[in-house]
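Here are the chains, one letter per residue:
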Amino acid sequence: MAIAIIGLLIDFGLVVLIWMIQCVVYPSFGYYTQENLIVWHKKYTARFSFIVVPLLVSQLSLSIYEVALGTNFFTVLRLMLIVAVWCSTFFQFVPMHIKISIGIVNDQLLDSLVHKNWIRTFVWTFLFLHHLYFYLSFEVR
């Protein structure tokens with residue numbers, strides 16, 4: 001059960017982070033001047049990576065480990081959703097953040113960042129709630 005608790009903590013950390021990003025960080029980008037946003041964004045992404053990357057790698061690694069321990073619908077669905085979020089992150093969001101960092105910023109890009117991020121927000125929320133449900137279901141027995 002220790003692995004399940006670690007997984008829940010990682011999922012919870014990602015849920016808190018994604019909701020903060022979705023509700024506070026990304027919408028705040030529209031309030032910066034372009035010059036200030038570029039300066040802040042470079043600092044923000046560098047600092048934030050120290051928090052997000054270990055959580056992402058831990059979540060993926062733990063999910064792969066869980067599939068290796070016992071392949072079932074829950075473990076496979078979880079791994080597929082995590083891989084989908086990674087793909088979305090690296091193929092959609094990283095390019096948008098690169099554009100901001102190099103000064104290609106406009107309202108359409110910033111709006112797209114917020115709107116597209118809702119999908120990741122809901123997927124990470126679902127992953128946490130689904131994990132919590134299964135943990136509590138098996139812990140009660």
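Look above for the structure.
Residues numbered from 1 in each chain as written. Predicted model: local features only at pLDDT ≥ 70, side-chain atom pairs only at ≥ 80, totals over all residues. Heavy atoms only, no water.

Novice: It is not clear to me how empty space enclosed by the protein should be interpreted in this structure. Could you clarify?
Specialist: Over the atoms rolls a probe the size of a water molecule, and in doing so it shows where empty space is left. One pass over the structure, following the stated rule, counts 1 cavity of 30 Å³ or more. Considered as a void within the structure, the largest cavity measures approximately 30 Å³ in volume. Forming the boundary of the largest cavity are Phe74, Leu77, Arg78, Leu81, Phe126, Leu127 and His130. Listed by contribution, the elements that provide at least two residues to the lining of the largest cavity are helix H3 (73-101) and helix H4 (107-140). Counting residues per element, the lining of the largest cavity draws most heavily on H3, at 4 residues. For the lining of the largest cavity, the class distribution of residues is 5 nonpolar, 1 polar and 1 charged. (1 Å grid on protein atoms, 1.4 Å probe; cavity = no way out; pocket = protein on both sides within 12 Å on 5 of 7 lines; lining within 4 Å. Points joined across faces, edges and corners; volume = space filled by probe spheres on them. Helix = DSSP H or I, 4+ residues; strand = E, 2+ residues; numbered from the N terminus. Nonpolar A, V, L, I, M, F, W, Y, C, P; charged D, E, K, R; others polar.)

Novice: Can you walk me through the nonpolar core in this structure?
Specialist: One broad trend across soluble globular proteins is that nonpolar side chains are buried collectively. By size, the foremost hydrophobic cluster in this structure holds 32 residues, and its most contacted members are Tyr26, Phe29, Tyr44, Ile100, Leu113 and Trp124. Listed by contribution, the elements that provide at least two residues to this core are helix H1 (2-28), helix H2 (34-69), H3 and H4. Ranked by residues supplied to this core, first place goes to H2 with 10 residues. With near-sequence residues (within four places) excluded, Phe29 lies in contact with Leu37, Trp40, His41, Tyr44, His97, Ile100, Leu110 and Leu113. Ala4, Val15, Phe128 and Tyr135 belong to the second-largest nonpolar core, a separate cluster that totals 5 residues. (Core = buried A, V, L, I, M, F, W, Y, C linked by side-chain atoms within 4.5 Å. Buried < 20%, exposed > 50% of the residue type's maximum accessible area, 1.4 Å probe, protein only. Contact = heavy atoms within 4.5 Å.)

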